[in-house]
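The lines below spell out each chain.
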Amino acid sequence: MFLLDQINNNYKKIPTKNIFTWLDEHGKEKKHLTYTDIIQQSNAVADHLVDKIGLKPGDKIMIVYPFGLEFLIGFIGALKAGLVVVSVYPPNPSNLKKDLPKFNKFVEDCGAKHALTTRQFSWLVKGTKLVGHKWANNLQWIHTDKFSKVKERKHDDYVPSSHEELAFIQYTSGSTGDPKGVMISHGALAHNLKCIQELGEFNHDSKAVCWVPQYHDYGLVVNYLNALTCGFHLICMSPLTFIKNPLLWAECIENFQCTHISSPNFGYSLLFKRLKENPEREFDFTCLQRVNTAAEPINVNVLKEMNELFPQDSVDQTYGCAEMVVHVCSRGKGVHNDIPSCGRISLSEQFEKEIIIVNDDLEKVKEEETVGNIMIRGPDMALGYYGKNSDIFKTKVDGKEYYNTGDLGFIYQDQLYVTGRKKDVIILQGKNYYPSDFEFEIEEQYKGIVRPGCIAVCQYDDESVAILAEVYPGKTLDNPPRLPVEISHFKTMEKGTIPKTTSGKIKRHACKDILKDSNVKAEWTSKYYESIAIIGAGPSGLVAAYQLVKNGYKNITIYEKEEHVGGRSVGFNMENELYVYNSG
């Protein structure tokens, strides 16, 4: 069954079940969605797009919502109308100078003429246009959050003609300069969701809590679409809420008695850091059945803490990529030669997936533990990159076509081990090194000084490496890290200045470019705003205002509570952890 078939079946069986709960930044329940809400609200979106806008099946439409449940209604409504959904991060209002060119490239690449969003975000678009920000001119914005519910559609829901018909386009996290929109078919999505649900042991009675961004494949498919099709309760929060208060994640697990959680490595690392800083806070995690980690390299030390804190055998080490929808293999256990497993090969084979290791001559590697190129094929492989040469999906090995992941790894005793990205491998004096190994080592050496997940190591020349590391405010590094290679350049950075993809992965090649500029300075996200609001009256608010005035900012207002501010959060964080909002 396709996605809409599964949602409609659940609607008939459990129409009033609460599927989604959205929490505010304090952990209070702000919004709920039942299947009745989802169906009737998405009906309104679908009919509007067909009758009022005149869109036809196969037309592309962008989904550009701030963090919240509104995006889900737009996503489902567009599918009901037979449209191809283009899921992208909304440009950050605090960083439009950087984000808008990327967003406009996505619009140009996919050729969409319409975008769904909220009323508030559409106002932001209009307002920022007036002050000179250049949004894509050919894009018509449609806000869907004020539509009235529609019990019965005027038209039947669109039914895909085949498994290969395009459902949505997912732009890969690193695709900025040359956008790469991964084309996901209806059949591939349905198959991948089946893998996730069966291998993850999800059912109607499961409960999960998610802070992973809704626009990343890990958040969209593993959490939101998984909950919709499987019928379990998903508790959701903004990733900004999690970053601000990681312990809220732990509170939700305990309070809602969640059975499943999922997070990249850095999320668990941040949680453990806050737990150590607050030893008086104790949490009961015995309710957890599956603790999934994926989307970025797994730190061996973080993995050890996971296995100590969470129930026995609950940790699920996983490997995936957008080009296979998201899931490739899972149920990885343990570590071999200091490299964590990323999943069991035989379990993926049960779902018609094939994972092989080949050398640079595209010959299968027969010996276990031999590092080579990871190749994948299966029913959930993407159709290719939209409008691009997709030969990477047609790499022939023994007469079969595979997707060349660009990752290096090996197979040992039915487990897949990923060693790193081929393009990031550091080669010094004929020996291969993986940047993530060095980055984890630096993180261990400078705990409490460098920010976890904010270290970049790259090859600088034929003899040495270069390092960028974000440090906490007021902290300094007196000596360079101790590594088994020569370090030619080492630079400490301010928070938020190391280049990352939209999913938080380090862009190592971009870091090398930064080192060439000796005058590099961190930019404050608030500098593009003429008017700034500070939340938090009292001494801390005055200190924050003083810091901003000292740095040349004007028109600063201090508010006692967030609800007193009419503007939208720009996610700016002062050294004292106050958030600054745009009130202009």
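Residues numbered from 1 in each chain as written. Predicted model: local features only at pLDDT ≥ 70, side-chain atom pairs only at ≥ 80, totals over all residues. Heavy atoms only, no water.

**Thoughts on the overall build of the protein**
Thinking step 1. Each helix and strand in the protein was counted, giving 15 helices and 31 strands.
Thinking step 2. Looking at the protein residue by residue over its 584 residues, the buried ones come to 55%.
Thinking step 3. The contacts in the protein between residues at least 6 apart in sequence include a share of 69% that link residues at least 24 apart.
Thinking step 4. Carbon and sulfur atoms provide 47% of the accessible area of the protein, an area that totals close to 26100 Å². (Helix = DSSP H or I, 4+ residues; strand = E, 2+ residues; numbered from the N terminus. Buried < 20%, exposed > 50% of the residue type's maximum accessible area, 1.4 Å probe, protein only. Contact = heavy atoms within 4.5 Å. Areas by Shrake-Rupley, 256 points an atom, 1.4 Å probe, with all protein chains shown as cover.)

**Overview of helix H14 (residues 508–515)**
Thinking step 1. Those residues of H14 that sit buried are Arg508, Cys511, Ile514 and Leu515. Down the axis of H14, the sector holding all buried residues measures 100 degrees, keeping them to one side. (Arc of directions from axis to C-beta.)

**Some points on helix H2 (residues 35–52)**
Quick reminder: α-helices carry 3.6 residues per turn. Residues three or four places apart thus point the same way.
Thinking step 1. For H2, built from 18 residues, the straight-helix expectation of 26 Å at 1.5 Å per residue is met to within 8% by its first-to-last C-alpha distance of 25 Å.
Thinking step 2. The element H2 is largely enclosed, with a buried count of 14 among its 18 residues. (Expected span 1.5 Å × (residues − 1).)

**Description of the sheet that holds strand E14 (residues 327–332)**
Thinking step 1. Here we have eight strands laid out as an open sheet, ordered E2-E1-E10-E9-E11-E12-E13-E14, and mixed in their pairing. The strands lining the two open edges of the sheet, one partner per strand, are strand E2 (29–34) and E14. On average, each strand axis in the sheet is inclined to that of its neighbour by 20 degrees, with strand direction left out of account.
Thinking step 2. With five bridges joining them, strand E1 (residues 18–23) and E2 adopt antiparallel strand pairing. (Pairing = 2+ DSSP bridges. Axes fitted to C-alpha atoms, helices over the stretch in contact; angles between N-to-C directions.)

**Overview of the nonpolar core**
Thinking step 1. Ranked by size, the top nonpolar core spans 107 residues in total, and within it Phe20, Tyr224 and Leu225 carry the most contacts.
Thinking step 2. For this core, the leading source of residues is helix H7 (residues 217–230), giving nine residues.
Thinking step 3. Those residues in contact with Leu225, other than ones at most four positions away along the chain, are Leu3, Leu72, Phe75, Leu189, Leu193 and Leu220.
Thinking step 4. Grouped together as the second largest cluster of nonpolar side chains are 24 residues, Leu139, Trp141, Tyr171 and Met183 included. (Core = buried A, V, L, I, M, F, W, Y, C linked by side-chain atoms within 4.5 Å.)

**Digging into the side chain of Ser348**
Thinking step 1. Secondary-structure assignment places Ser348 in helix H12 (residues 345–349).
Thinking step 2. The contact partners of Ser348, leaving out residues within four places of it in the chain, are Val328, Cys329, Lys353 and Ile355.

**What to know about the packing of aromatic side chains**
Thinking step 1. Going through the model one piece at a time under the given rule, you end up with 25 aromatic pairs.
Thinking step 2. Their ring planes at 75 degrees and their centres at 5.6 Å tell us that Trp211 and Phe266 sit as a pair that is edge-to-face. One end of the pair, Trp211, is in the loop between strand E9 (207–210) and H7; the other, Phe266, is in helix H10 (residues 265–277), and 55 residues separate them in sequence.
Thinking step 3. Among the aromatic residues, ring-to-ring pairing joins Trp211, Phe242, Trp249, Phe266, Tyr268, Phe272, Phe283, Phe285 and Phe310 into one connected group.
Thinking step 4. If you follow Arg377 out to its NZ or CZ, it ends over the ring of Tyr402, 5.6 Å from the centre. (Phe/Tyr/Trp six-rings, centres within 6.5 Å; stacked < 30°, edge-to-face > 60°. Lys NZ or Arg CZ within 6 Å of the ring centre and 35° of its normal.)

**Here we look at the environment of Glu296**
Thinking step 1. Of note, Glu296 is situated in the loop between strand E12 (290–293) and helix H11 (300–309).
Thinking step 2. Its relative accessible area of 18% is what places Glu296 among the buried residues.
Thinking step 3. The sequence separation of Glu296 and Gly420 amounts to 124 residues, and the corresponding C-alpha distance is 10.0 Å.
Thinking step 4. Excluding anything up to four places from it in sequence, Glu296 contacts Pro264, Asn265 and Phe266.

**Concerning the environment of Ile355**
Thinking step 1. Along the chain, Ile355 falls in strand E17 (residues 354–358).
Thinking step 2. Separated by 20 residues in sequence, Ile355 and Met375 place their C-alpha atoms 5.8 Å apart.
Thinking step 3. Sequence-distant contacts of Ile355, that is, excluding residues within four places in its chain, are made with Val328, Cys329, Ile345, Ser348, Ile374, Met375, Ile376, Ile411 and Leu416.

**Comments concerning the sheet that holds strand E19 (residues 384–385)**
Pairing between the strands of a sheet is mediated by backbone hydrogen bonds and can be parallel or antiparallel.
Thinking step 1. One open sheet holds the seven strands; their spatial order is E6-E5-E3-E4-E7-E8-E19, and the pairing between them is mixed. Each edge of the open sheet carries a strand with a single partner, namely strand E6 (140–143) and E19.
Thinking step 2. Judged from the three bridges that link them, strand E3 (residues 60–63) and strand E5 (residues 114–117) form a sheet pairing that is parallel. Paired with Ile61 across the strands is His114, a residue of E5.
Thinking step 3. Seen against the sheet, helix H4 (residues 96–110) touches E3, strand E4 (84–87), E6 and strand E7 (166–171) and runs at an angle of roughly 160 degrees to E3.

**Points about the pairing of E4**
Thinking step 1. Of the two faces of E4, both are covered, the one formed by Val84 and Val86 as well as the one formed by Val85 and Ser87.
Thinking step 2. In this structure, E4 lies alongside E7, joined through three bridges in parallel fashion. By the bridge assignment, Val85 is partnered in E7 with Phe168.

**Considerations on the packing of H10 against H11**
Thinking step 1. Closest axis-to-axis distance for the H10/H11 pair is 10 Å, and the angle between their directions is 65 degrees. In terms of crossing hand, the pair formed by H10 and H11 is left-handed. Contact residues: H10 offers Asn265, Tyr268, Ser269, Phe272, Leu275 and Lys276, while H11 offers Val302, Glu305, Met306 and Leu309.
Thinking step 2. Taken together, the residues of the contact of H10 with H11 sort by class into six nonpolar, two polar and two charged. (Left-handed = near helix turned anticlockwise from the far one by under 90°. Nonpolar A, V, L, I, M, F, W, Y, C, P; charged D, E, K, R; others polar.)

**Looking at the environment of Asn245**
Thinking step 1. Checked against the element boundaries, Asn245 lands in the loop between helix H8 (239–244) and helix H9 (247–255).
Thinking step 2. Put simply, Asn245 and Arg274 are 29 residues apart on the chain and 8.6 Å apart in space, counted from C-alpha to C-alpha.

**Let's talk about the packing of helix H6 (residues 186–199) against H7**
Thinking step 1. Contact geometry for H6 and H7: axes closest at 10 Å, N-to-C directions at 90 degrees. When the interaxial angle is binned, H6 and H7 end up roughly perpendicular. Contacts between H6 and H7 involve Leu189, Asn192, Leu193, Ile196 and Gln197 on the former and, on the latter, Val221, Val222, Leu225, Asn226, Thr229 and Cys230.
Thinking step 2. The residue inventory of the contact of H6 with H7, partitioned by class, reads seven nonpolar, four polar and no charged. (Parallel < 35°, antiparallel > 145°, perpendicular 65-115°, else oblique.)

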